[in-house]
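Chains, contacts and geometry: an overview
Spelled out, the chains give:
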Amino acid sequence: MTNEVVWCLISGSVAIILSYISVSIIKGRSNRRRVVGFFHPYTNDGGGGERVLWCAVKAIQEERSDLDCVVYTGDHDASPDSLMARAVHRFGVELLCPPKVVHLHKRKWIEETMYPRFTMIGQSLGSVYLSWEALCKYTPLYYFDTSGYAFTYPVARLFGCKVICYTHYPTISLDMISRVEGQNSMYNNDALIAKSTWLSLCKVIYYRLFAWMYGTVGSFAHLAMVNSSWTQSHIESLWRIPERTKRVYPPCDTSGLQFKQALPLERPSSSPAIISVAQFRPEKAHTLQLMAFSVAVHNLDADLPRPKLQFVGSCRNKFDEERLQNLKDKAIQLKLEGDVEFHKNVMYRDLVGLLGGAVAGIHGMIDEHFGISVVEYMAAGAIPIANNSAGPKMDIVLEEDGQQTGFLAQTMEEYADAILKILRMPETERLEMAAAARRRAGRFSEQRFYEDFKAAVRPVLGRAS
């Protein structure tokens with residue numbers, strides 16, 4: 001008798017849940033609005049992903065003025081006017097009209113702090129819950145993910161949406177799996193696991209299972225835009241929809257830095273500046289950059305002016321704030337406090353001023369999907385020193401008209417050597433390389449993004465029902 005009661009309760013609960021889900025989906029499908037809904041839970045992250053969001057909104061407004069744009073965000077202080085103003089002041093992107101805003105209250109379920117272990121699967125399943133909230137509140141005709149939450153795509157399809165995404169970085173890649181197999185310790189592979197063959201084997205199994213799940217949900221996209229050759233190769237391998245995958249390089253303010261701001265290639269020689277533009281996240285390798293700068297300073301020729309290193313970036317949360325403070329403490333420990341500057345959450349006009357005074361720009365992330373900051377260095381006339389992997393290696397820091405456009409490095413010593421080469425470079429040689437880098441950067445302009453983006457979305461938007 002007791003078992004029958006338990007089964008009745010379980011069956012009844014399941015029936016209620018399924019009924020709720022069914023009613024929500026039917027209601028959402030019948031109330032779809034003629035809008036493009038941008039799923040971007042963090043509209044204040046200040047990185048290249050946010051620039052893509054605002055340029056994508058502007059492109060949709062230009063391409064289909066009959067469609068409204070809605071932004072799903074967990075930032076409760078965000079309003080249509082504040083987001084429009086932020087797009088201009090932070091990124092120089094002028095929207096045609098303010099986007100509508102749908103506030104999300106379940107964003108905590110995609111916070112990495114919620115999942116100390118099995119973070120990827122935890123955040124991915126959390127994004128399903130968050131997208132459910134978003135689509136129940138406001139169901140668009142077109143669901144546009146600009147933050148890389150592929151597990152939300154089947155949910156959007158259930159609600160009858162056309163699914164479009166702009167993928168900056170695969171949640172998991174074959175490179176990540178190979179590093180775990182090789183027991184290499186990194187920011188996403190704890191040293192304790194890397195030292196253990198058994199734990200590494202378990203993690204490889206977890207990664208391969210997740211990769212299969214990621215590939216399955218990603219294949220629900222009607223159109224998958226990717227930002228680089230590296231990202232395209234991984235997405236095509238995992239999602240297996242090459243006919244629906246288009247490479248669209250991200251929008252870089254190359255014309256603004258070259259022409260509107262009229263930044264000259266000549267730079268102050270009294271105290272040459274080396275700039276590093278990146279969010280204060282662990283994968284950005286700020287400590288490696290600082291250590292390399294320390295080595296370069298200690299090996300600097302006596303007759304050369306002492307350089308300064310400028311860290312410019314945004315902080316998303318208290319953990320980023322802690323990393324920034326640790327970086328400041330490390331600079332003091334290395335006796336470089338007078339040579340290193342920290343600029344947090346700067347406005348676009350201030351960033352332009354810093355870029356215009358730098359002789360070089362340093363970038364340290366391994367497997368950076370593209371590298372907008374690297375392109376911005378080049379457009380501004382700063383010679384790039386980028387990590388010898390992924391986007392910078394495959395798409396950006398390549399020869400232009402047979403001329404070198406920058407340096408690629410991996411180890412601290414290689415970064416330090418590149419810094420010293422630039423500091424020791426005769427002015428005529430530096431100007432030639434900076435000019436070649438600036439020409440190369442023109443391939444990744446904001447205008448090029450708008451053209452390629454509109455060409456990619458036009459067939460999908462044209463199938464409006």
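Quick note: structure is the one above.
This write-up is about the structure you can find in this document.

Rules and cut-offs
Residues numbered from 1 in each chain as written. Predicted model: local features only at pLDDT ≥ 70, side-chain atom pairs only at ≥ 80, totals over all residues. Heavy atoms only, no water. Buried < 20%, exposed > 50% of the residue type's maximum accessible area, 1.4 Å probe, protein only. Helix = DSSP H or I, 4+ residues; strand = E, 2+ residues; numbered from the N terminus. Pairing = 2+ DSSP bridges. Right-handed = clockwise from strand over helix to strand, strands pointing away. Core = buried A, V, L, I, M, F, W, Y, C linked by side-chain atoms within 4.5 Å. Contact = heavy atoms within 4.5 Å. Patch = residues over 30% accessible without salt bridge, like charges linked within 9 Å, V, L, I, M, F, W, Y side chains within 5 Å. Areas by Shrake-Rupley, 256 points an atom, 1.4 Å probe, with all protein chains shown as cover. Salt bridge = Lys/Arg side-chain N within 4 Å of Asp/Glu carboxyl O.

**Observations regarding the pairing of strand β1 (residues 33-39)**
When a strand is regular, its side chains alternate between the sheet's two faces. The element β1 is largely enclosed, with a buried count of five among its seven residues. The pairing of β1 with strand β4 (residues 140-145) spans five bridges and is parallel. Residue pairing across strands places G37 opposite Y143, the latter belonging to β4. Examined bridge by bridge, β1 and strand β2 (residues 68-73) share five bridges and lie parallel to one another. Within β2, the position partnered with V36 by the bridge is C69. As for the winding sense of the linkage, the β-α-β connection from β1 through helix α2 (residues 48-63) to β2 is right-handed.

**A few points about the nonpolar core**
One broad rule of soluble globular proteins: the nonpolar side chains tend to lie buried together. With 43 residues, the main nonpolar core has I172, Y214 and W239 as its most contacted residues. The dominant element in this core, judged by the number of residues it contributes, is helix α8 (residues 197-218), at seven residues. Leave out the neighbours within four places in its chain, and Y214 touches A150, F151, T167, Y169, P170, T171, I172, I235, L238 and W239.

**A word on a nonpolar patch on the surface**
On the surface, a cluster of nonpolar side chains totalling about 440 Å² of accessible area is made up of W198, L199, L201 and I205. Examined against the element boundaries, L199 turns out to sit in helix α8. The exposure class of L199 is partly exposed, given its relative accessible area of 34%.

Geometry only, nothing functional implied.
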